[in-house]
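Topology and contacts: notes
Here's the letter readout for the chains.
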Amino acid sequence: MRLDKYLATYAGLSRKEAKAAVKSGRVQVDGRTAEKFDEKIQKNAVVYLNQKLIVVEEHIYLMLNKPAGVVSATRDDRERTVVDLVDCAGRELFPVGRLDKDAEGLLLLTDDGALAHRLLSPKYHVKKCYYVRYEGVLSEDAAELFRQGVDIGEKKNTLPAELEVLGDGQAKLTISEGKFHQVKRMIAKVGGRVTALKRLTMGNLVLDDNLAPGEYRRLTKAEIDDLAGQ
Ligand code: URA
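1. Overview of unusual backbone geometry
The residue glutamine 51 is not glycine, and still its phi comes out positive at about 65°. With respect to the helices and strands, the residue glutamine 51 is situated in the loop between strand S3 (47-49) and strand S4 (52-53). Of note in this structure, aspartate 168 is not a glycine but carries a positive phi near 60°. Note on placement: aspartate 168 falls in the loop between strand S9 (162-167) and strand S10 (170-175). Under the relative-accessibility criterion, aspartate 168 is labelled exposed at 71%.

Right, here's the structure in full:
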(Lines give C-alpha, C1' and ligand atoms only; values in the text may rest on other atoms or scores of the structure.)
Protein backbone atom coordinates (compact mmCIF):
# COMPACT_ATOMS: atom_id res chain seq x y z
CA MET A 1 0.00 0.00 0.00
CA ARG A 2 1.20 3.54 -0.70
CA LEU A 3 2.32 5.39 2.41
CA ASP A 4 -0.12 8.29 1.93
CA LYS A 5 -3.00 5.81 1.54
CA TYR A 6 -1.85 3.97 4.66
CA LEU A 7 -1.82 7.23 6.61
CA ALA A 8 -5.27 8.12 5.28
CA THR A 9 -6.73 4.69 6.02
CA TYR A 10 -5.25 3.96 9.41
CA ALA A 11 -4.52 7.41 10.86
CA GLY A 12 -7.46 9.31 9.34
CA LEU A 13 -5.30 11.90 7.56
CA SER A 14 -6.32 13.49 4.29
CA ARG A 15 -3.94 12.77 1.42
CA LYS A 16 -2.73 16.38 1.69
CA GLU A 17 -2.05 16.03 5.43
CA ALA A 18 -0.31 12.72 4.80
CA LYS A 19 2.02 14.30 2.24
CA ALA A 20 2.78 17.18 4.60
CA ALA A 21 3.50 14.78 7.48
CA VAL A 22 5.98 12.83 5.36
CA LYS A 23 7.60 15.98 3.96
CA SER A 24 8.18 17.38 7.41
CA GLY A 25 9.80 14.14 8.63
CA ARG A 26 7.03 13.21 11.06
CA VAL A 27 6.54 9.68 9.73
CA GLN A 28 8.76 6.70 10.57
CA VAL A 29 8.44 3.37 8.79
CA ASP A 30 10.14 0.32 10.30
CA GLY A 31 12.59 2.46 12.22
CA ARG A 32 13.59 4.96 9.51
CA THR A 33 12.18 8.35 8.63
CA ALA A 34 10.03 8.12 5.52
CA GLU A 35 11.03 10.39 2.66
CA LYS A 36 8.46 9.72 -0.04
CA PHE A 37 4.73 9.88 0.47
CA ASP A 38 4.17 7.53 -2.49
CA GLU A 39 6.55 4.81 -1.37
CA LYS A 40 5.06 1.32 -1.10
CA ILE A 41 4.97 -0.11 2.39
CA GLN A 42 3.95 -3.51 3.71
CA LYS A 43 0.60 -3.79 5.46
CA ASN A 44 2.36 -5.08 8.58
CA ALA A 45 4.92 -2.24 8.61
CA VAL A 46 5.52 -0.49 11.94
CA VAL A 47 4.59 3.11 11.30
CA TYR A 48 4.87 6.04 13.68
CA LEU A 49 3.20 9.40 13.10
CA ASN A 50 4.28 12.26 15.35
CA GLN A 51 6.12 9.66 17.45
CA LYS A 52 2.93 7.69 18.06
CA LEU A 53 2.47 4.16 16.78
CA ILE A 54 -0.37 3.82 14.29
CA VAL A 55 -2.61 0.98 15.38
CA VAL A 56 -4.01 -0.76 12.32
CA GLU A 57 -7.70 -1.51 12.52
CA GLU A 58 -8.86 -3.84 9.80
CA HIS A 59 -12.36 -2.37 9.73
CA ILE A 60 -14.28 0.61 11.05
CA TYR A 61 -17.71 0.36 12.69
CA LEU A 62 -19.80 3.45 13.34
CA MET A 63 -23.19 3.74 15.01
CA LEU A 64 -25.13 6.62 13.46
CA ASN A 65 -28.38 8.04 14.72
CA LYS A 66 -29.72 8.69 11.25
CA PRO A 67 -31.74 11.87 11.03
CA ALA A 68 -34.82 12.11 8.84
CA GLY A 69 -34.15 13.71 5.44
CA VAL A 70 -30.99 11.85 4.41
CA VAL A 71 -30.85 8.77 2.25
CA SER A 72 -29.28 5.44 3.22
CA ALA A 73 -26.79 5.25 0.37
CA THR A 74 -23.10 5.83 -0.13
CA ARG A 75 -23.49 8.35 -2.93
CA ASP A 76 -26.36 10.23 -4.47
CA ASP A 77 -26.34 12.94 -7.12
CA ARG A 78 -29.06 15.02 -5.52
CA GLU A 79 -29.57 13.96 -1.93
CA ARG A 80 -27.43 14.07 1.18
CA THR A 81 -26.45 10.55 2.19
CA VAL A 82 -25.69 8.94 5.54
CA VAL A 83 -22.06 8.59 4.48
CA ASP A 84 -21.89 12.38 3.96
CA LEU A 85 -22.66 12.76 7.67
CA VAL A 86 -19.56 10.98 8.97
CA ASP A 87 -15.85 11.48 8.77
CA CYS A 88 -14.88 8.38 6.82
CA ALA A 89 -11.22 8.59 7.81
CA GLY A 90 -10.06 7.33 4.43
CA ARG A 91 -12.41 4.34 4.46
CA GLU A 92 -15.07 3.30 1.99
CA LEU A 93 -17.93 3.07 4.43
CA PHE A 94 -21.42 1.91 3.55
CA PRO A 95 -24.65 1.56 5.53
CA VAL A 96 -25.65 -1.91 6.69
CA GLY A 97 -29.18 -2.05 5.34
CA ARG A 98 -31.45 0.85 4.67
CA LEU A 99 -33.74 3.15 6.52
CA ASP A 100 -36.24 5.19 4.53
CA LYS A 101 -35.39 8.83 3.91
CA ASP A 102 -38.02 9.92 6.45
CA ALA A 103 -36.95 7.33 9.06
CA GLU A 104 -34.51 7.91 11.92
CA GLY A 105 -32.44 5.88 14.26
CA LEU A 106 -29.85 3.17 14.44
CA LEU A 107 -27.75 2.68 11.34
CA LEU A 108 -24.47 0.85 11.30
CA LEU A 109 -21.81 2.13 8.90
CA THR A 110 -18.81 -0.02 8.18
CA ASP A 111 -16.33 -1.20 5.58
CA ASP A 112 -16.66 -4.81 6.77
CA GLY A 113 -18.50 -6.47 3.90
CA ALA A 114 -18.56 -9.92 5.49
CA LEU A 115 -20.24 -8.69 8.67
CA ALA A 116 -22.73 -6.60 6.69
CA HIS A 117 -23.58 -9.57 4.53
CA ARG A 118 -24.30 -11.74 7.55
CA LEU A 119 -26.39 -9.13 9.34
CA LEU A 120 -28.51 -8.63 6.23
CA SER A 121 -28.75 -12.22 5.11
CA PRO A 122 -32.33 -13.57 5.27
CA LYS A 123 -30.77 -16.76 6.63
CA TYR A 124 -29.91 -15.23 9.99
CA HIS A 125 -33.18 -13.41 10.80
CA VAL A 126 -31.46 -10.61 12.71
CA LYS A 127 -34.12 -8.84 14.78
CA LYS A 128 -34.72 -5.12 14.41
CA CYS A 129 -36.94 -3.14 16.76
CA TYR A 130 -38.66 0.04 15.57
CA TYR A 131 -40.45 2.75 17.49
CA VAL A 132 -43.51 3.74 15.47
CA ARG A 133 -45.89 6.66 15.58
CA TYR A 134 -49.05 6.14 13.61
CA GLU A 135 -52.41 7.60 12.76
CA GLY A 136 -55.61 5.58 12.74
CA VAL A 137 -56.75 2.66 14.86
CA LEU A 138 -54.96 -0.67 14.70
CA SER A 139 -57.18 -3.72 14.54
CA GLU A 140 -57.57 -5.44 17.87
CA ASP A 141 -55.93 -8.61 16.69
CA ALA A 142 -52.94 -6.78 15.14
CA ALA A 143 -50.42 -8.30 17.57
CA GLU A 144 -51.75 -11.79 16.94
CA LEU A 145 -51.79 -11.27 13.16
CA PHE A 146 -48.18 -10.10 13.25
CA ARG A 147 -47.21 -13.08 15.38
CA GLN A 148 -48.64 -15.36 12.73
CA GLY A 149 -47.37 -13.41 9.71
CA VAL A 150 -49.32 -11.17 7.35
CA ASP A 151 -49.64 -10.75 3.60
CA ILE A 152 -48.08 -7.45 2.55
CA GLY A 153 -47.95 -8.33 -1.13
CA GLU A 154 -44.73 -10.34 -1.07
CA LYS A 155 -44.43 -13.94 -2.22
CA LYS A 156 -44.57 -15.12 1.38
CA ASN A 157 -46.26 -13.77 4.48
CA THR A 158 -44.07 -11.82 6.88
CA LEU A 159 -42.11 -13.80 9.45
CA PRO A 160 -43.46 -13.73 13.02
CA ALA A 161 -43.12 -10.22 14.43
CA GLU A 162 -43.79 -8.70 17.82
CA LEU A 163 -46.06 -5.70 18.24
CA GLU A 164 -46.18 -3.79 21.50
CA VAL A 165 -48.87 -1.11 21.48
CA LEU A 166 -47.79 1.74 23.73
CA GLY A 167 -50.99 3.83 23.45
CA ASP A 168 -51.49 7.32 22.13
CA GLY A 169 -50.67 6.29 18.54
CA GLN A 170 -47.32 4.76 19.45
CA ALA A 171 -46.00 1.23 19.24
CA LYS A 172 -42.88 -0.86 19.04
CA LEU A 173 -42.56 -3.42 16.30
CA THR A 174 -39.82 -6.04 16.14
CA ILE A 175 -39.27 -7.76 12.81
CA SER A 176 -36.60 -10.13 11.59
CA GLU A 177 -36.60 -9.31 7.89
CA GLY A 178 -35.95 -6.21 5.85
CA LYS A 179 -38.54 -6.00 3.10
CA PHE A 180 -39.01 -2.65 1.37
CA HIS A 181 -41.05 -0.30 3.65
CA GLN A 182 -41.84 -3.35 5.75
CA VAL A 183 -42.94 -1.63 8.95
CA LYS A 184 -45.05 0.92 7.10
CA ARG A 185 -46.73 -1.80 5.05
CA MET A 186 -47.38 -4.00 8.10
CA ILE A 187 -48.92 -1.14 10.04
CA ALA A 188 -51.03 -0.21 7.01
CA LYS A 189 -52.22 -3.80 6.83
CA VAL A 190 -53.78 -3.52 10.31
CA GLY A 191 -55.36 -0.09 9.84
CA GLY A 192 -52.66 2.46 10.70
CA ARG A 193 -50.53 4.96 8.81
CA VAL A 194 -46.98 5.43 10.01
CA THR A 195 -46.14 9.07 10.66
CA ALA A 196 -42.73 8.56 12.27
CA LEU A 197 -40.32 5.66 12.42
CA LYS A 198 -37.16 5.19 14.42
CA ARG A 199 -34.98 2.08 14.55
CA LEU A 200 -33.94 1.29 18.11
CA THR A 201 -32.03 -2.00 17.80
CA MET A 202 -30.40 -4.32 15.31
CA GLY A 203 -29.56 -7.70 16.78
CA ASN A 204 -27.97 -6.95 20.15
CA LEU A 205 -26.89 -3.50 19.06
CA VAL A 206 -28.90 -0.77 20.78
CA LEU A 207 -29.10 2.85 19.64
CA ASP A 208 -27.09 4.97 22.07
CA ASP A 209 -29.42 7.47 23.81
CA ASN A 210 -26.59 9.98 23.92
CA LEU A 211 -26.52 10.32 20.14
CA ALA A 212 -28.71 13.13 18.83
CA PRO A 213 -30.00 12.72 15.27
CA GLY A 214 -27.02 13.13 12.93
CA GLU A 215 -24.47 12.16 15.60
CA TYR A 216 -22.40 9.02 15.51
CA ARG A 217 -19.75 7.15 17.45
CA ARG A 218 -17.49 4.17 16.99
CA LEU A 219 -18.78 0.84 18.24
CA THR A 220 -17.05 -0.46 21.34
CA LYS A 221 -15.05 -3.67 21.10
CA ALA A 222 -17.77 -5.47 23.05
CA GLU A 223 -20.42 -4.28 20.58
CA ILE A 224 -18.35 -5.40 17.61
CA ASP A 225 -17.69 -8.82 19.13
CA ASP A 226 -21.34 -9.18 19.99
CA LEU A 227 -22.45 -8.36 16.44
CA ALA A 228 -19.86 -10.68 14.95
CA GLY A 229 -21.17 -13.51 17.14
CA GLN A 230 -24.78 -13.14 15.97
N1 URA B 1 -39.60 -0.38 7.62
C2 URA B 1 -39.99 0.73 6.95
O3 URA B 1 -41.13 0.85 6.55
N4 URA B 1 -39.07 1.67 6.75
C5 URA B 1 -37.80 1.60 7.19
O6 URA B 1 -37.00 2.52 6.97
C7 URA B 1 -37.42 0.45 7.90
C8 URA B 1 -38.34 -0.54 8.09
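Still more ground to cover, so stick around.
2. What to know about the packing of aromatic side chains
Applying the stated rule across the entire model yields 1 aromatic pair. When the ring of tyrosine 6 is compared with that of tyrosine 10, the centres are 4.9 Å apart and the planes differ by 70°; the resulting orientation is edge-to-face. Of the two residues, tyrosine 6 and tyrosine 10 are both situated in helix H1 (residues 3-11); the distance of 4 residues between them amounts to about one turn of the helix. What makes tyrosine 6 buried here is its relative accessible area of 0%. Classification of tyrosine 10 as buried rests on a relative accessible area of 12%. Across the ring face of tyrosine 124, the terminal group of arginine 118 is positioned such that the distance to the ring centre comes to 6.0 Å.

3. Looking at the site of the ligand
What surrounds the ligand is the set Leu99, Asp100, Ala103, Tyr130, His181, Gln182, Val183, Lys184 and Leu197. Here histidine 181 contributes a backbone N or O atom positioned 3.3 Å from an oxygen atom of the ligand. Residue glutamine 182 places a main-chain N or O atom 3.4 Å away from an oxygen atom belonging to the ligand. Contact with the protein chains hides 95% of the accessible area of the ligand, taken as 230 Å² for the molecule alone. Looking at which element gives the most residues to the shell around the ligand, the answer is helix H5 (residues 182-189), with 3 residues.

Rules of the game
Residues numbered from 1 in each chain as written. Predicted model: local features only at pLDDT ≥ 70, side-chain atom pairs only at ≥ 80, totals over all residues. Heavy atoms only, no water. Helix = DSSP H or I, 4+ residues; strand = E, 2+ residues; numbered from the N terminus. Buried < 20%, exposed > 50% of the residue type's maximum accessible area, 1.4 Å probe, protein only. Phe/Tyr/Trp six-rings, centres within 6.5 Å; stacked < 30°, edge-to-face > 60°. Lys NZ or Arg CZ within 6 Å of the ring centre and 35° of its normal. Near = heavy atom within 4 Å. Polar contact = N/O pair within 3.5 Å; in protein donor to acceptor, adjacent residues only side chain to side chain. Areas by Shrake-Rupley, 256 points an atom, 1.4 Å probe, with all protein chains shown as cover.

Take it as geometry only, folks, not as evidence of what the structure does.
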